[in-house]
Amino acid sequence: MEKRLLDCRPGHFALTPAGETLYRESCMLFGSISRLRGLMAAAETVVTGHVAIAMTSHVVCPHFDEAMARFNTAYPEVTYSISITDSAEVLSRLRQNQASVGLCLMREDDPMLDSRILFREFFGLFCGPPHRLFGRSDIGIEDVSGERSVSFQTELDNGPLYLVRQLRERVNLHPEPHGLSANLPEVRRMIITGMGIGALPVHIAWRDVDAGLLWQVPPKDHLPAVEIHFVVNPRRSLNPAETAFVQTIHEMIAQTSLEERTYLSGDNPSCRAAPIGERSQSVASRNLIASSKNSPALRISSTRKSRARSGWPWRRASMISLCLCGARPSELPSSAQRASQNIGLRRSHRLSMKLSSRAEPEER
């Protein structure tokens, strides 16, 4: 066709518009050919095939999980793969026919894709145990003003989380983020380790608030609402598994009101959230600690507020390290029980003695 595909000059190397068009269509063609085996399954009576899900990090949606569980029960022969990436990459993979479905943020509709709101969440500001505001219930907007912050990459690029950026500006946090990530667990890590105040979905953060790892700071009203979308490429030829999966999720969305799929801390039973507010510790946590007073592991997670005001003892650091690795303080006793079954009572006894001896200095 005698079209120029590359623009090459000193210090510049990029595709021309014609080159970009050829690349995009080639990706679509490659995706279609690579999926021929799955498409051939359409002639079979049993639904089989593979569903490739691309999603942004830490999507917590009980409605989606329940729909997936029902689908897996109905179609046990279907296989899955889930890849975690940023929202822009999720949309790019869908356009290039490299994923079956996507779960991501979208600031505006894409004419090439079919998107539906999966759920709505609200972002609040939180600090970690090393922060000077942690554990305080008398915090005002003026106390937060000028503090260091950590943020998501999509806040700075005027992307889908622009409302979260406006929340940081609303309380006059330091304009230059002290930490930056496109991954929610890493933003959470930076907040917990005291790098700065950061925004997290309130229906996700409440668990860490109960565990003594996070503390919500003002404002606590008029929080920004962010929508996570379920996205498919209508130009994609779906295999039987993909067709059934998309139909299952679309039916769930149609049959469940957006109000039910709006996750607020404390008012959505499906998320089992408790009010974040200014509580010091949940009733469940207090009962668990009261019933296990002799457990060294549980003593590590007690008296959260007093520890927050007394500085940064080793016990707080130990609990944070365990939780960053995926273990909650309330789960430690069962973990110790499993360890005793696997390595014997003698080693478990030595472990208990070691924990008790470490706990004694702070108790004094």
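Source: prediction; values computed, not measured. (Residues numbered from 1 in each chain as written. Predicted model: local features only at pLDDT ≥ 70, side-chain atom pairs only at ≥ 80, totals over all residues. Heavy atoms only, no water.)

> Help me understand the overall build of the protein chain in this model?
Helix and strand counts for the protein chain come out as 16 helices and 12 strands. Residue burial in the protein chain is summarised as follows: out of 364 residues, 45% are buried. Looking at the protein chain alone, contacts between residues at least 24 apart form 75% of all its contacts between residues at least 6 apart. When the accessible surface of the protein chain is totalled, it reaches about 19,100 Å², and 53% of it is carbon and sulfur. (Helix = DSSP H or I, 4+ residues; strand = E, 2+ residues; numbered from the N terminus. Buried < 20%, exposed > 50% of the residue type's maximum accessible area, 1.4 Å probe, protein only. Contact = heavy atoms within 4.5 Å. Areas by Shrake-Rupley, 256 points an atom, 1.4 Å probe, with all protein chains shown as cover.)

> Looking at this model, I keep getting lost on unusual backbone geometry. Mind explaining?
Residues other than glycine predominantly adopt negative phi, and peptide bonds predominantly adopt the trans conformation. In this structure, the amide linkage connecting Pro-218 to the following residue, Pro-219, adopts the cis form with an omega of 0 degrees. Among the secondary structure elements, Pro-219 is positioned in the loop between strand E10 (215-217) and strand E11 (225-232). At His-58, a residue that is not glycine, the phi angle is positive and equals roughly 55 degrees. Relative to the helices and strands, His-58 is located in the loop between strand E3 (49-55) and helix H3 (62-74). On the accessibility criterion, His-58 (40% relative accessible area) is partly exposed.

> Help me out: how do you make sense of the pairing of strand E1 (residues 6-9) in this one?
Inspection of the sheet shows E1 paired to strand E2 (residues 12-15) by four bridges, in the antiparallel sense. Bridge pairing links Asp-7 to Ala-14 in E2. The hairpin formed by E1 and E2 contains two residues between the paired strands, and Gly-11 there has a positive phi angle of roughly 75 degrees. (Pairing = 2+ DSSP bridges.)

> Looking at this structure, I do not really get the nonpolar core. What am I missing?
If you look at soluble globular proteins, the nonpolar side chains tend to sit buried side by side. Ranked by internal contacts, the top residues of the largest apolar core, which has 61 residues, are Phe-64, Leu-118, Leu-200, Phe-230, Phe-245 and Ile-249. Counting nine residues, the second-largest nonpolar core is a separate cluster that includes Ala-54, Val-90, Leu-91 and Leu-94. (Core = buried A, V, L, I, M, F, W, Y, C linked by side-chain atoms within 4.5 Å.)

> Would you explain the environment of Ile-191 in this entry?
With respect to the helices and strands, Ile-191 occurs in helix H8 (residues 184-192). For the pair formed by Ile-191 and Trp-215, sequence separation is 24 residues and the distance between their alpha carbons is 9.8 Å. Not counting residues within four places of it along the chain, the set of residues in contact with Ile-191 comprises Phe-126, Cys-127, Gly-128, Val-150, Gly-196, Gly-198, Ala-199, Leu-200 and Leu-214.

> Teacher, can you tell me more about the environment of Gly-194 here?
Relative to the assigned elements, Gly-194 resides in the loop between H8 and strand E9 (198-201). The spatial distance from the C-alpha of Gly-194 to the C-alpha of Pro-130 is 5.1 Å, given a sequence separation of 64 residues.

> Can you help me understand the packing of aromatic side chains in this one?
Any pair of aromatic rings gets described here by the distance separating the centres and the angle formed by the planes. For the structure shown, the criterion picks out seven aromatic pairs. Summarising the aromatic geometry, the rings of Phe-71 and Phe-245 are spaced 5.2 Å apart at their centres and angled 85 degrees between planes, so their arrangement reads as edge-to-face. Placement of Phe-71 in helix H3 and of Phe-245 in helix H10 (residues 240-255) is noted, with a sequence separation of 174 residues between them. Its relative accessible area of 1% is what places Phe-71 among the buried residues. Cluster of aromatic residues (ring-pair linked, three or more members): Phe-64, Phe-71, Tyr-75, Tyr-80 and Phe-245. Lying over the aromatic face of Tyr-162, Arg-107 brings its terminal NZ or CZ to 3.8 Å of the ring centre. (Phe/Tyr/Trp six-rings, centres within 6.5 Å; stacked < 30°, edge-to-face > 60°. Lys NZ or Arg CZ within 6 Å of the ring centre and 35° of its normal.)

> What exactly am I supposed to notice about helix H9 (residues 202-210) here?
Owing to its 3.6 residues per turn, the α-helix aligns residues three or four sequence positions apart on the same side. Judged by how many residues are buried, H9 sits mostly within the fold: eight of nine residues are covered. Every buried residue belonging to H9 is among Val-202, His-203, Ile-204, Ala-205, Trp-206, Asp-208, Val-209 and Asp-210, and all of these are buried.

> How should the pattern of salt bridges be read in this particular structure?
Side chains carrying opposite charge are able to pair once their charged atoms draw close together. As enumerated under the stated definition, the model contains 11 salt bridges in all. A salt bridge links Arg-116 to Asp-114; the nearest nitrogen and oxygen atoms lie 3.7 Å apart. The closest approach of N and O atoms between Glu-169 and Arg-165, which form a salt bridge, is 3.4 Å. Taken together, the residues Glu-169 and Arg-165, both in helix H7 (residues 162-170) and four residues apart, mark about one turn of the helix. On the basis of relative accessible area, Glu-169 is assigned to the exposed category, the value being 52%. With a relative accessible area of 18%, Arg-165 lands in the buried category. (Salt bridge = Lys/Arg side-chain N within 4 Å of Asp/Glu carboxyl O.)

> Please clarify how empty space enclosed by the protein should be interpreted in this entry.
With a probe scaled to a water molecule rolled over the atoms, the places where space remains empty come into view. Inspection of every chain in the model, using the stated rule, returns two cavities of 30 Å³ or more. The wall of the largest cavity is formed by 20 residues, among which Thr-56, Ser-57, Leu-105, Phe-152 and Leu-161 lie closest to the centre. Only strand E6 (114-127) and helix H6 (153-156) provide two or more residues apiece to the lining of the largest cavity. A per-element tally of the lining of the largest cavity places E6 first, with three residues. When the residues that make up the lining of the largest cavity are grouped by side-chain class, the tally is 12 nonpolar, six polar and two charged. (1 Å grid on protein atoms, 1.4 Å probe; cavity = no way out; pocket = protein on both sides within 12 Å on 5 of 7 lines; lining within 4 Å. Points joined across faces, edges and corners; volume = space filled by probe spheres on them. Nonpolar A, V, L, I, M, F, W, Y, C, P; charged D, E, K, R; others polar.)

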